[in-house]
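Summary of the model geometry
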Amino acid sequence: MIVAKRKPFDEIKDFLKDYKKVLTAGCGTCVAVCLAGGEKEVAVLNAELDMARRLDDNPIELGAITIERQCDREYLEALDSMVGDYDAVLSLACGAGIQFLAERYPEKPVFPGVDTTFIGVNQDVGWYEERCRSCSSCVLGLTAGICPVTMCAKGLYNGPCGGTNKGSCEISKDQPCAWYMIYERLSKQNRLDNILKITPVQDWQNQKPRTVIQPGYKTSENSAEK
Amino acid sequence: MRLDYPSNIKIIRVPCTGKVDVMHLLRAIQKGADGVYAVGCLEGACHYNEGNLRARERVNHVRRLLEEIGIEGDRVRMYNLSSGEGPTFAAYAREMAENIKALGPNPLKQH
Amino acid sequence: MKSESNLEKVLSAGHFAFTGELGPPRGANAEEVRKKAAFLKGNVDAVNITDNQTAVVRMSSWAASLILIQEGLEPNFQMVCRDRNRLAMQSDILGASTHGIKNMLCLSGDHQSFGDHPMAKSVFDIDSIQLIGMVKQMRDEGIFLSGNKLDEAPKMFIGAAANPFAEPYEWRVLRLAKKIAAGADFIQTQCIYNMDRFREFMKRAVDMGLTEKCYILAGVTPLKSVGMAKYMAGSVPGMDVPDELIERVKGAGKGKAAEEGIKIAVEQIQEFKEMEGVAGVHLMAIEWEHRVPEIAKMAGVLPRPVV
Ligand code: SF4
Ligand code: SF4
């Protein structure tokens, strides 16, 4: 899932200082699961904003709505009838959701309430770890299911580097060395051959905005732009 | 047993402090309470494993949230005691009341 | 000859090579480079010029290399993958070659979090093994990484680093083999303190026939003090300093640790001269360039061959 962190309160407060009526929009998918931007987080943030603005003698009227997914038009539609009543929208969705919302209401100031952080996994409630940088050419098949792009601090394709330190990465004893783990797992699976070969340079595909059109879904509209 | 604790405290019963949510605590302050505190079982003695530990984390979180917006975090506290410790309960209640008296009324009331 | 560099000539003539190292200054101070170079001149076959070592900004490696050429020394231009993408790397390689730089050491580079700009965005467009392959392709096939032809190939003697000590040990020689397969002409190892482990490493390298394909220079860094020995042992990732060695430096007594450190280094160099497969020594006397002449003399590697 996409993992996000709530932005610092002062930053959010500053975004909204000139607005009297703001809609806080949560997202019910990734950011809700990672406890950053779901219904509950919307309520907490609104309570904070309400109190802070009262203390400033600058009260604010806050609306709250959490939709299934802000990255999906089908669900965003639910906001159409509401957004007009507000001066601004504060979105707690991931960066993609926020942009899709802003794109739908181009006249309306839209602000991020979270810092979108990574694609990761749920280690435990409230504890998430990054696993993928969406590089567009997955090498997990070579590397025993451990991503060198994300988990190696240098994103090496032919690791480990000379800094690998008794199983830890050179950057910290608490950070496992991805290449140490890759070696160990491949070795147990008798697949060391995979990394005895030199992995050639990457054709980086994440250096410009990417579009995916799944096979069978081409239309004159979506393929004309490409 | 009649316990002598301040009469201006409103008690809300929950099955486990693990059920106490950030929003419950925050809303109490938002609605004008001068302070709010959770009383849970002793740490390590939670019937539901670690409900009281989670509650402490949440209390700490709410304290930070309040500080962020300019309200004293110490208006929110967590206490632990074992069941049947009536006098300790009363003592904590008095301590909390003293604490709030020192902090003064909820600043939101003047706004 | 691949590069006609002095280092290549020394090695291919069968001499025991002796290389040094120089860290460029943290400023536009050419004098500082000249001062350090003077201690190395005549005592080593080539001098590694570090590239923003430990991710701290310093005078660029190629620029300091040019000063060395002016001073009559041969630089070994270090390049890390942290700070440049494939475009910058290739243009710097061409530029370095035009100005007479003939040796290159291809490295990953320390992570930026160690340095003076810990929040910098690193590059790592390609890694050190891919860099080795890229330089080789430019030199031998006269083409860029893109496959396009280049005008006048850069004649570089290609070096790479090896760490015989990091776990998993079984992987160390395999990784060395990978670097050689990518195109490394010579290897300079991490500083060696654990001689037993290094002997094992060399034995495997010899058995695998790697020393037939590539020159291996053993890395030596004299211990200056007990503090340094402990620091190397505890805080430098990938370093293996046995306790006996720390004890030996400690046992030398007050004010004598440095002399003992040098003595150890000299003994090591003498052993390397006899060790099968070792083609030379790379002496990394960090901020201790002025001691290089005496170390070279004591180790019996002088005079340096003229080839
Ligand atoms: S290689 Fe890593 S970053 Fe790329 S797609 Fe696979 S998991 Fe994601
Ligand atoms: S120590 Fe391991 S994880 Fe860290 S940068 Fe080197 S290879 Fe990557």
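Under an unreviewed UniProt entry, chain C has the name Methylenetetrahydrofolate reductase and belongs to uncultured Desulfobacterium sp. Taken verbatim from the UniProt record of chain C, the Catalytic activity (unreviewed entry) comment is "(6S)-5-methyl-5,6,7,8-tetrahydrofolate + NAD(+) = (6R)-5,10-methylene-5,6,7,8-tetrahydrofolate + NADH + H(+)".

Looking at an unreviewed UniProt entry, one finds chain A named Methylene-tetrahydrofolate reductase C-terminal-like domain-containing protein, with uncultured Desulfobacterium sp as its source organism.

All names here are of chain A. Reading across the sheet, the 4 strands line up as β3-β2-β4-β5 and stay open at both edges, with parallel pairing between neighbours. Strand pairing shows two members of the sheet lacking a second neighbour, β3 (61-67) and β5 (110-112), which therefore form its edges. For this sheet, the mean inter-axis angle between neighbouring strands, taken without regard to orientation, is 25 degrees. Here 4 bridges tie strand β2 (residues 21-27) to strand β4 (residues 88-91), and the two strands are oriented parallel to one another. Pairing of A25 across the sheet is with S91, part of β4. Contacts from helix α3 (residues 39-55) reach β2, β3 and β4, with the element oriented near 170 degrees to β3. Contacting β2, β4 and β5, helix α6 (residues 95-104) crosses the sheet at an angle of about 175 degrees to β5.

Let us look at the pattern of salt bridges. Within the structure shown, the criterion is met by 46 salt bridges over all chains. The shortest N-O distance in the salt bridge between A:K7 and A:E11 comes to 2.8 Å. We classify A:K7 as buried; its relative accessible area is 10%. Since its relative accessible area comes to 32%, A:E11 is described here as partly exposed. Here the residues in one salt-bridge network are C:K2, C:K136, C:R139, C:D140 and C:D185, joined through shared partners.

So, on to unusual backbone geometry. Along the chain, C:E167 connects to C:P168 via a cis peptide bond; the corresponding omega equals -5 degrees. As for its position among the elements, C:P168 is in the loop between β5 (157-162) and α6 (169-182). The backbone of A:S136 shows a phi angle near 80 degrees, a positive value even though the residue is not glycine. Of note, A:S136 is situated in the loop between β7 (127-132) and α7 (148-151).

Across the boundary between the two partners, chain A contributes 28 residues, which contact 29 residues of chain C. Interface of chain A and chain C: buried area, both sides summed, is about 2,500 Å²; carbon and sulfur atoms make up 56% of it. Applying the counting criterion to the chain A and chain C interface returns 0 salt bridges. Put simply, chain A and chain C have 16 residue pairs in polar contact (both at pLDDT 80 or more) between them. If you list the elements that add at least two residues to the side of chain A that touches chain C, you get α8 (178-188) and α9 (193-196) of chain A. Here the element with the most residues in the side of chain A that touches chain C is α8(A); it accounts for 3 residues. Looking at the side of chain A that touches chain C, its residues break down into 14 nonpolar, 8 polar and 6 charged.

For the rest of this paragraph, the subject is the site of ligand 2. Around ligand 2 sit A:C152, A:A153, A:K154, A:L156, A:P160, A:C161, A:T164, A:C169, A:E170, A:C177, A:A178 and A:W179, and those are all the residues in its vicinity. Looking at the shell around ligand 2, its residues break down into 9 nonpolar, 1 polar and 2 charged.

Right, let's talk about the packing of α3(A) against helix α1 (residues 22-30) of chain B for a bit. Between α3(A) and α1(B), whose axes approach to 10 Å, the crossing angle comes to 20 degrees. Our classification of the angle between α3(A) and α1(B) gives roughly parallel. Where α3(A) crosses over α1(B), the two elements pack in a sense that is left-handed. On α1(B), the residues touching A:A43, A:V44, A:A47, A:E48, A:D50, A:M51 and A:R54 of α3(A) are B:V22, B:M23, B:L26, B:I29 and B:Q30.

On to the interface of chain A and chain B, then. Taken together, the contacts link 14 residues of chain A with 15 residues of chain B. Per-residue buried area on chain A facing chain B is highest for A:M51, A:R54 and A:L55; these three make up 43% of the total on that side. Connecting chain A to chain B are 2 salt bridges. Here A:K40 ties to B:D21 by a salt bridge, and the two come within 2.8 Å at their closest N and O atoms. Counting every contact that joins chain A to chain B gives 5 residue pairs in polar contact (both at pLDDT 80 or more). Those elements giving two or more residues to the side of chain A that touches chain B turn out to be α1 (9-15) and α3 of chain A. Examining the composition of the side of chain A that touches chain B, we find that 10 residues originate from one element, α3(A), more than from any other.

What follows covers the pairing of strand β3 (residues 75-80) of chain C. Residues and elements named next belong to chain C. Within β3, 6 of the 6 residues are buried, which leaves the element mostly enclosed by the surrounding structure. Because side chains alternate across β3, one face comprises the buried residues P75, F77 and M79, and the other comprises N76, Q78 and V80, equally buried. Across 3 bridges, the pairing between strand β2 (residues 46-49) and β3 is parallel. Note that in β3 the partner of N48 across the bridge is N76.

Bringing the UniProt feature "domain: Methylene-tetrahydrofolate reductase C-terminal-like" (unreviewed entry) in chain A into the picture now. As annotated by UniProt and renumbered to match this structure, "domain: Methylene-tetrahydrofolate reductase C-terminal-like" (unreviewed entry) occupies residues 111-205 of chain A. Between the first and last C-alpha atoms of residues 111-205 of chain A the distance is 29 Å; the span itself is 20% helix and 27% strand.

Conventions used here
- Residues numbered from 1 in each chain as written.
- Chains lettered and ligands numbered in written order.
- Predicted model: local features only at pLDDT ≥ 70, side-chain atom pairs only at ≥ 80, totals over all residues.
- Heavy atoms only, no water.
- UniProt positions renumbered as here; feature names shortened; annotations may be inferred.
- Pairing = 2+ DSSP bridges.
- Helix = DSSP H or I, 4+ residues; strand = E, 2+ residues; numbered from the N terminus.
- Axes fitted to C-alpha atoms, helices over the stretch in contact; angles between N-to-C directions.
- Contact = heavy atoms within 4.5 Å.
- Salt bridge = Lys/Arg side-chain N within 4 Å of Asp/Glu carboxyl O.
- Buried < 20%, exposed > 50% of the residue type's maximum accessible area, 1.4 Å probe, protein only.
- Buried area = accessible area lost by both parts, 1.4 Å probe.
- Polar contact = N/O pair within 3.5 Å; in protein donor to acceptor, adjacent residues only side chain to side chain.
- Nonpolar A, V, L, I, M, F, W, Y, C, P; charged D, E, K, R; others polar.
- Near = heavy atom within 4 Å.
- Parallel < 35°, antiparallel > 145°, perpendicular 65-115°, else oblique.
- Left-handed = near helix turned anticlockwise from the far one by under 90°.

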